[in-house]
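Chains, contacts and geometry: an overview
Residues per chain are reported as follows:
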Amino acid sequence: MGIVVRQSLKAGLGSYIGVGIGIINQLYISTEFLSVEQLALSRLLLENCLVFSAFAHLGTPFIADKFFGLFRDDENQHRGILPFLLFLPFVGGLLFTVIYLIFTPEIKSYFLGESPMIVKYHFLVIPWTLFWIYITVLESYCRNNARIAVPGFIREVYLKLANVLLILMFGLGWLSFDLMLYLIVASYGLAIVFLIIYIKKLGKLYWRFPDTSVLTTGLFKQMLGYGSFTLLGGIGVNLMMFIDRSMIAGEKGLISTGIFIIAANIANIIEIPKKAIAQISIPLLSTALLNNDHKQIRTMNQKSALNQMIAGGVVFLLIWASIDDIFYLIPKGDTYGEGKYVVLFLALVKVFDIATGLNSEIILYSRYFRWATLFIVATAVISFSLNLWLIPIYGFIGAAVATALTTLIYSVVRMTFVWVKFDVLPFTIQSLRVVLIIAVLYAGTFIIPEYTRTIFTAMGMMVLRSFLILVLFSTAIVGFNVSEEITGLFNGLRTRFLK
């Protein structure tokens, strides 16, 4: 367990560094040095590669996570699973490339009217997708060799830092926009080289071909069947997350896409605390599900839901109370500020979503795991339909409403399923108290008098407003003993500092 703890701590540190780099990049570096169209284009190409890679890898990372234990044998070079893991996405990548080239005329036709800039660079999606496929596959191989820190650092820190540096070089006039994009794509190819070097350094770069006795038995069909099923979920998740961007670009152009992307990135900050809480809870939750311990499942779900609501609620308050100042301080804020209500719609539904607790994890790690894929695919269809309806009418606001409705439906369906199958609901009387605290504090932000915005007044008011919100929110949460965990942490810190 020692190596698992060390790797988890290192990976967690890299993840938070990456989050910091990403926020600075998206809100200040990219908005400063890239035009709205250039920012939208660069993000759209990346997000499209994420969507395409979700099916082009043919479920290989999921196969590795599920079946690696059957091959684990260092003396026999893991029985040749690495070449198999590298060959399967090669087939998928080849199929994707052929299909993408066949449909290139349709792709160009879709974007030519409103976003002609995409037509010039759309071919970059092919190498970018192929690079991303092998990054995820090699990460899964490292993960199953109990090594997650370095791959996590490459993904969360190196790739984001490379992106920032290349944008800065473009902004300083050292690179053309074309060359910057090519180098960004190349940085993903270099990440593959780093991962291979790291695996070789670990002594795990085994090139033995798989045992024919394994690949000619029922296990091979089982592996492909599992990969095919799980990749449906991967496709659904990526479509839910990114399809709206492409549809906005096709219907309303890159400026509307850029506005939506920045607003969505601001709202996405709310989800950061959820990831940490969920990762901590998964091992205990898996054990409770294995033992069919519904009481423990209920307790964990309700506590996680409450603490996620608290964390997400305070982040929502900090963002929305200062949203005008945030857009004032962002470069090109007059343009990006048009997405203010995109932030509101997405932020509110994200707070609700994380407040519903561990429903996804409960379904995924139970015997009902197939339902998770069904829900995701169905929700992706709903998302596509709503965006198809609302974007032509309302533009990026329509996309925000579509995404908010889709997320709300997805959350309620999962919550209802867990309630029916496990008799577990995430909400308690304490949840209502958190909602009331958030509502009262938000209402209090309206009594702040109007002021003339300058860089100094905007920053000063953001700091003052955030300080007051944090103090009052923390006082209310601890004073009313809303969360035992937070109250215990506060008392422990107070005892430590008063010694």
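Throughout this description, residue numbers start from 1 for each chain and increase along the sequence as written. Thresholds applied to this predicted model are a pLDDT of at least 70 for local features of residues and 80 or more for the giving and counting of side-chain atom pairs; totals over whole chains, interfaces and linings are not thresholded and use all residues. In computing side-chain values, all of the structure's heavy atoms are included and hydrogens and water are not.

With respect to the overall build of the protein
Keep this limit in mind: The numbering of helices and of strands both runs from the N terminus, where a helix is a DSSP run of H or I of at least 4 residues and a strand a run of E of at least 2. When a residue's accessible area, from a 1.4 Å probe over protein chains only, is under 20% of the maximum for its type it is buried; when over 50% it is exposed; and in between it is partly exposed. Contacts: residue pairs with any heavy atoms within 4.5 Å of one another. Each accessible area value is a Shrake-Rupley result obtained with a 1.4 Å probe; residue values ignore everything except the protein chains displayed when judging cover.
What the protein contains, in helices and strands, is 23 helices and zero strands. For the protein, the residues scored as buried account for 51% of the 499 residues in total. Looking at the protein alone, contacts between residues at least 24 apart form 84% of all its contacts between residues at least 6 apart. Total accessible area on the protein is roughly 23800 Å²; 70% of this is exposed by carbon and sulfur atoms.

So, the packing of helix H11 (residues 218-252) against helix H19 (residues 369-394)
Cut-off, in case you're wondering: The convention used is that axes are lines fitted to C-alpha atoms, helices contributing only their stretch in contact, and that angles between N-to-C directions extend from 0 to 180 degrees. Angle categories: roughly parallel below 35 degrees, roughly antiparallel above 145, roughly perpendicular from 65 to 115, and oblique for all the rest. Polar here means any residue outside two lists: the nonpolar Ala, Val, Leu, Ile, Met, Phe, Trp, Tyr, Cys and Pro, and the charged Asp, Glu, Lys and Arg; Gly therefore counts as polar.
Close contact between H11 and H19 brings their axes to 7 Å; oriented N to C, the two are set at 10°. When the axis of H11 is compared with that of H19, the two are roughly parallel. Among the residues making up the contact of H11 with H19, the classes are represented as 15 nonpolar, six polar and four charged.

Some details on the layout of surface pockets
Our working rule: Only protein atoms enter the 1 Å grid, on which a cavity is a set of points fitting a 1.4 Å probe that cannot get out and a pocket is an open set with protein on both sides within 12 Å along at least 5 of 7 lines, lining residues being those with an atom within 4 Å of a point. Grid points are joined across faces, edges and corners, and a volume is the space filled by probe spheres set on the points.
Roughly 630 Å³ of volume is contained in the second largest pocket. Forming the boundary of the second largest pocket are 26 residues, of which Asn48, Phe52, Ile107, Ile243 and Ser246 lie nearest the centre. Elements that contribute at least two residues to the lining of the second largest pocket include exactly helix H2 (36-56), helix H4 (81-102), helix H5 (104-112), H11 and H19. Looking at the lining of the second largest pocket, the element that brings in the most residues is H2, giving seven residues. Along the lines of polarity and charge, the residues of the lining of the second largest pocket split into 21 nonpolar, three polar and two charged.

Points about the packing of helix H7 (residues 125-143) against helix H8 (residues 149-171)
The angle between the axes and the distance between the axes are what describe a pair of packed helices. In the contact formed by H7 and H8, the axes pass within 9 Å of each other and the chain directions differ by 145°. Within the contact between the two elements, H7 uses Trp132, Ile135, Thr136, Glu139 and Cys142 and H8 uses Pro151, Arg155 and Leu159. In terms of residue class, the contact of H7 with H8 is made up of five nonpolar, one polar and two charged.

Here we look at helix H9 (residues 177-202)
Note the threshold: In this scheme, a helix's expected span is set at 1.5 Å multiplied by one less than its residue total.
Taking 1.5 Å of rise per residue, the 26 residues of H9 would be expected to cover 38 Å, and the 38 Å separating its terminal C-alpha atoms lies within 8% of that figure. Phi turns positive, to about 80°, at Gly203, one or two residues after H9.

Side note on the pattern of salt bridges
Operational definition: Salt bridges are defined by distance alone: a side-chain nitrogen of Lys or Arg within 4 Å of a carboxyl oxygen of Asp or Glu.
Evaluation of the coordinates by the stated rule reveals 12 salt bridges. Its salt-bridge partner being Asp423, residue Arg298 comes within 3.5 Å of it at the nearest N-O pair. Highlighted residues: Arg298 in helix H14 (residues 294-321) and Asp423 in the loop between helix H20 (396-422) and helix H21 (429-444), separated in sequence by 125 residues. Taking relative accessible area as the criterion, Arg298 reaches 25% and is therefore assigned partly exposed. A salt bridge links Asp353 to Arg414, with the shortest nitrogen-to-oxygen separation between them at 2.5 Å. With Asp353 in helix H17 (residues 340-355) and Arg414 in helix H20, this residue pair connects regions lying 61 residues apart in the sequence.

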